[in-house]
Amino acid sequence: MRKWRSAAVTAAWVAMGTAAGALGAWQLATSDSGDAAHSHPLDEAAVERALSATSASASPPPESPSPSSTPTPSQPASERSTLRFTGGTATVECRQDGTVYLVSWSPSDGFHIDDDVERGPGRVARLEAEPSDDDDDQDDLPYEIRCGEDGRPGARVVADD
């Protein structure tokens, strides 16, 4: 009797393991094959196209005023772009009035961005990329970010204070 009970328990465990494996295989076979938008990163041009398609198809709520064709002084028109530099990347707005605004920033591997970021808006924005703690041979990289005459941002390393 004990032998049959042990065999039945073993058979039940084997059946459950087989069912779990079959369920996992079925899930993989029927899941997204990787063609969905969330399965691969978009480049900057693809993001711009997606955002313009979304904003063109979205209608404003009825109670909102119609958008004006000229920017207001409190919200000057701006052009966002991604700026890459040693130590990280930053999303930067170059505004029509010539000011720069750091929208966001992200360190590269092996770096972190110091907490005292001067994001603007102003004629210059500042941030400092610092190497990770385990790399004492590399200096900190303080950057000044400005918008050029062409409306495109640029970063340059400045003397560390």
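Check the entry above for the structure.
Residues numbered from 1 in each chain as written. Predicted model: local features only at pLDDT ≥ 70, side-chain atom pairs only at ≥ 80, totals over all residues. Heavy atoms only, no water.

### Some thoughts on the overall build of the chain
In plain terms, the rule: Runs of H or I in DSSP of at least four residues are treated as helices and runs of E of at least two as strands, each being numbered from the N terminus. Between buried and exposed lies partly exposed: a residue is buried under 20% and exposed over 50% of the maximum accessible area for its type, with that area taken using a 1.4 Å probe on protein chains only. The Shrake-Rupley method, run with a 1.4 Å probe sphere, supplies the accessible areas, and residue values consider only the shown protein chains as cover.
The helix and strand tally for the chain stands at 2 helices and 7 strands. Of the regular secondary structure in the chain, the N- to C-terminal order runs α-α-β-β-β-β-β-β-β. A burial count over the chain gives 21% of its 161 residues as buried. Of the roughly 12000 Å² of accessible surface on the chain, 54% is carried by carbon and sulfur atoms.

### A short note on the sheet that holds strand β5 (residues 125-131)
Applied cut-off: Following DSSP output, two strands are said to pair if at least two bridges run between them. To get an axis, fit a line to the C-alpha atoms, keeping to the stretch in contact for a helix; angles then go from 0 to 180 degrees between the N-to-C directions.
Spatially, β4-β5-β6-β7 is the arrangement adopted by the 4 strands of the open sheet, whose pairing is antiparallel. Looking at strand neighbours, the two that pair on one side only are β4 (111-113) and β7 (153-157), the edges of this open sheet. The mean angle between the axes of side-by-side strands here comes to 30 degrees, regardless of whether they run parallel or antiparallel. Here β4 pairs with β5 via 3 bridges, running antiparallel. Within β5, the residue paired with Phe111 across the bridge is Pro131.

### Considerations on the side chain of Glu144
Spelled out, the test is: Any pair of nitrogen or oxygen atoms within 3.5 Å is treated as a polar contact; in protein, a donor-acceptor pairing is required on top of that, and neighbouring residues in sequence qualify only through side-chain atoms on both sides. In what follows, a contact means two residues having at least one pair of non-hydrogen atoms within 4.5 Å.
Summarising the element assignment, Glu144 is placed in strand β6 (residues 141-147). Residue classification places Glu144 among the buried positions, given a relative accessible area of 11%. A distance of 3.0 Å separates polar atoms of two side chains, one belonging to Glu144 and the other to Arg146. In contact with Glu144, not counting residues within four places along its chain, are Val124, Ala125, Arg126, Gly154, Ala155, Arg156 and Val158.

### Topic: a nonpolar patch on the surface
The cut-off we apply is this: Here, patches come from residues exposed beyond 30% relative accessible area and free of salt bridges, joined within 9 Å for like charges and within 5 Å for nonpolar side chains (Val, Leu, Ile, Met, Phe, Trp, Tyr). The term salt bridge refers to a pairing of a side-chain nitrogen on Lys or Arg with a carboxyl oxygen on Asp or Glu at a separation within 4 Å.
Nonpolar side chains collect at one region of the surface, where Val9, Trp13 and Met16 lie side by side and expose about 350 Å² of accessible area between them. Structurally, Met16 can be placed in helix α1 (residues 2-30).

### Comments concerning the packing of aromatic side chains
Quick note on the threshold: Two rings from Phe, Tyr or Trp (for Trp, the six-membered ring) form a pair when their centres sit within 6.5 Å of each other. Planes less than 30 degrees apart are called stacked, planes more than 60 degrees apart edge-to-face, and all others tilted.
Applying the stated criterion across every chain yields a total of 1 aromatic pair. Measuring from centroid to centroid gives 4.7 Å for Phe85 and Tyr143, while their planes differ by 50 degrees, and the two rings are tilted. Here Phe85, found in strand β1 (residues 78-85), pairs with Tyr143, found in strand β6; they are 58 residues apart in sequence, far enough to count as distant. You'll find Phe85 and Tyr143 in the same group, each marked buried.

### Re the state of the cysteines
What counts, and what does not: Counting rule for disulfides: a pair of cysteine sulfur atoms within 2.5 Å.
Taken as a whole and assessed by the stated rule, the structure comprises 1 disulfide. Through a disulfide, Cys94 is tied to Cys147; the S-S separation comes to 2.0 Å. One disulfide, between Cys94 and Cys147, carries an S-S torsion of -95 degrees and so falls in the left-handed class. Here Cys94, found in strand β2 (residues 88-95), pairs with Cys147, found in strand β6; they are 53 residues apart in sequence, far enough to count as distant.

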